[in-house]
Amino acid sequence: MLSHDTIWGAIDALAARHKLTPSGLARRAGLDPTSFNKSKRLGPDGRLRWPSTESIAKVLEATGATIDQFLSSLPGQTRSDVPTGSFPPQAGSIPLLGFAQAGAGGFFDDGGFPAGQGWDVVDFPASPSRKAGVYALEVQGDSMVPLYRDGDVLIVEPGAQVRRGDRVVVKTRDGEVMAKVLLRQTPRSIELTSLNPDHPNRTFDMAEIEWVARITWASQ
């Protein structure tokens, strides 16, 4: 699973590969030169701060690096999904939010991790300590049928590596939150397939995307 340290480490490694400081990398990408400074990686209250999807897309474009090359800088990355079969007894609780509320401001930080007030809680079938930052979204309405129905709970893991064919939750900078299937992602754009055949597929510039998080499990 991607962690706060490894994602920032990958940015540092990308900068070093191009003989740049983190500030130099940010400047080359057209970002505020302090965007990747050590002091910007924690909030004033000590909360972990993550680089935005847009920032990563800009540094990839500025350096000509591919997503695979960027991810290859992450040490010890292995795919670790939540089990899809029978679960052991509930080991803890994680934040829960209705899908309809997720687009409102104040519920997520820049990295797509739960933040602020107004969250409920739900039991999680694995120790939250092994899946730091996971949260749950409750499906409301029929916009995701036949795959997900009203009342289903989606377990979302922000920061986890996403690949083609993964089911993901995406938040745009306009505040729209949607569950889709990742069809294709490049440093410039992202293509998403709708879960409901009655809804159109979507394509966005990466500059329009605030974050993308992988759906690891759904209660159905």
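Everything quoted here is computed from the prediction, not taken from an experiment.

Peer 1: Break down the overall build of the protein for me, citing the residues and quoting the values.
Peer 2: The helix and strand inventory of the protein stands at 5 helices and 9 strands. Going from N to C terminus, the protein has its helices and strands arranged as α-α-α-α-β-α-β-β-β-β-β-β-β-β. Expressed as a percentage of its 220 residues, the buried residues of the protein come to 45%. Considering only intrachain contacts with a sequence separation of at least 6, the fraction spanning at least 24 residues in the protein is 61%. Only carbon and sulfur atoms are counted for the fraction: they give 49% of the accessible area of the protein, which is about 10,800 Å².

Peer 1: Which residues make up the nonpolar core, and what are the values?
Peer 2: Ranked by internal contacts, the top residues of the largest apolar core, which has 21 residues, are Phe-99, Phe-108, Tyr-135, Leu-137, Tyr-148, Leu-154 and Val-169. Those elements that place two or more of their residues in this core are α5 (99-102), β3 (135-138), β4 (153-157), β6 (177-185) and β9 (209-219). Considering every element that reaches this core, the biggest residue donor is β9, with 4 residues. In contact with Phe-108, not counting residues within four places along its chain, are Leu-97, Ala-102, Phe-113, Pro-114, Ala-115, Trp-119, Tyr-135, Lys-171 and Trp-211. Counting residues in each nonpolar core, the second largest holds 18 residues, with Leu-14, Ala-26, Val-59 and Leu-60 among its members.

Peer 1: Just give me the short version of the pattern of salt bridges, but keep the residues and values in it.
Peer 2: Enumeration according to the criterion identifies 7 salt bridges in this entry. Ionic pairing is found between Arg-184 and Glu-191, a salt bridge with its closest N-O pair at 3.6 Å. Judged by its relative accessible area of 44%, Arg-184 is partly exposed. Glu-191 gets classed as partly exposed once you look at its relative accessible area, which sits at 24%.

Peer 1: Describe in detail the environment of Gln-117, supporting the description with residues and values.
Peer 2: Its place among the elements puts Gln-117 in the loop between α5 and β2 (120-124). Each C-alpha atom of the pair Gln-117 and Phe-107 lies 6.9 Å from the other, and the pair is 10 residues apart in sequence.

Peer 1: Give a description of helix α1 (residues 4-17) that names residues and reports values.
Peer 2: In this model α1 runs 20 Å from its N-terminal to its C-terminal C-alpha over 14 residues, within 8% of the 20 Å that 1.5 Å per residue would give. Turning to α1, its buried residues number three or more, namely His-4, Thr-6, Ile-7, Trp-8, Ala-10, Ile-11, Leu-14 and Ala-15. One or two residues past the end of α1 sits Lys-19, with phi positive at roughly 55°.

Peer 1: Just give me the short version of unusual backbone geometry, but keep the residues and values in it.
Peer 2: Looking along the chain, the bond that leaves Val-145 and enters Pro-146 is cis, with omega of 10°. Along the chain, the position of Pro-146 falls in the loop between β3 and β4. A positive phi angle, near 55°, is found at Lys-19, a position not held by glycine. With respect to the helices and strands, the residue Lys-19 is situated in the loop between α1 and α2 (22-28).

Peer 1: Please provide a residue-by-residue account of the packing of aromatic side chains, values included.
Peer 2: Counted by the stated rule, this structure contains 7 aromatic pairs. Aromatic side chains Phe-107 and Trp-119 sit 6.1 Å apart centroid to centroid with 80° between the ring planes, which places their arrangement in the edge-to-face category. Here the residue Phe-107 occupies a position in the loop between α5 and β2, and Trp-119 occupies one in the loop between α5 and β2, the gap between them amounting to 12 residues. Pair check on accessibility: Phe-107 and Trp-119 agree, each one buried. Between Trp-119 and Tyr-135 the ring centres are 5.6 Å apart and the planes differ by 75°, which places this aromatic pair in the edge-to-face class. Placement of Trp-119 in the loop between α5 and β2 and of Tyr-135 in strand β3 is noted, with a sequence separation of 16 residues between them. In this structure, Trp-119 and Tyr-135 share a single accessibility class: buried. One aromatic cluster is present, built from ring pairs that chain together Phe-107, Phe-108, Trp-119, Tyr-135 and Trp-211.

Definitions and cut-offs
- Residues numbered from 1 in each chain as written.
- Predicted model: local features only at pLDDT ≥ 70, side-chain atom pairs only at ≥ 80, totals over all residues.
- Heavy atoms only, no water.
- Helix = DSSP H or I, 4+ residues; strand = E, 2+ residues; numbered from the N terminus.
- Buried < 20%, exposed > 50% of the residue type's maximum accessible area, 1.4 Å probe, protein only.
- Contact = heavy atoms within 4.5 Å.
- Areas by Shrake-Rupley, 256 points an atom, 1.4 Å probe, with all protein chains shown as cover.
- Core = buried A, V, L, I, M, F, W, Y, C linked by side-chain atoms within 4.5 Å.
- Salt bridge = Lys/Arg side-chain N within 4 Å of Asp/Glu carboxyl O.
- Expected span 1.5 Å × (residues − 1).
- Phe/Tyr/Trp six-rings, centres within 6.5 Å; stacked < 30°, edge-to-face > 60°.

These values are about where atoms sit, not about what they do.
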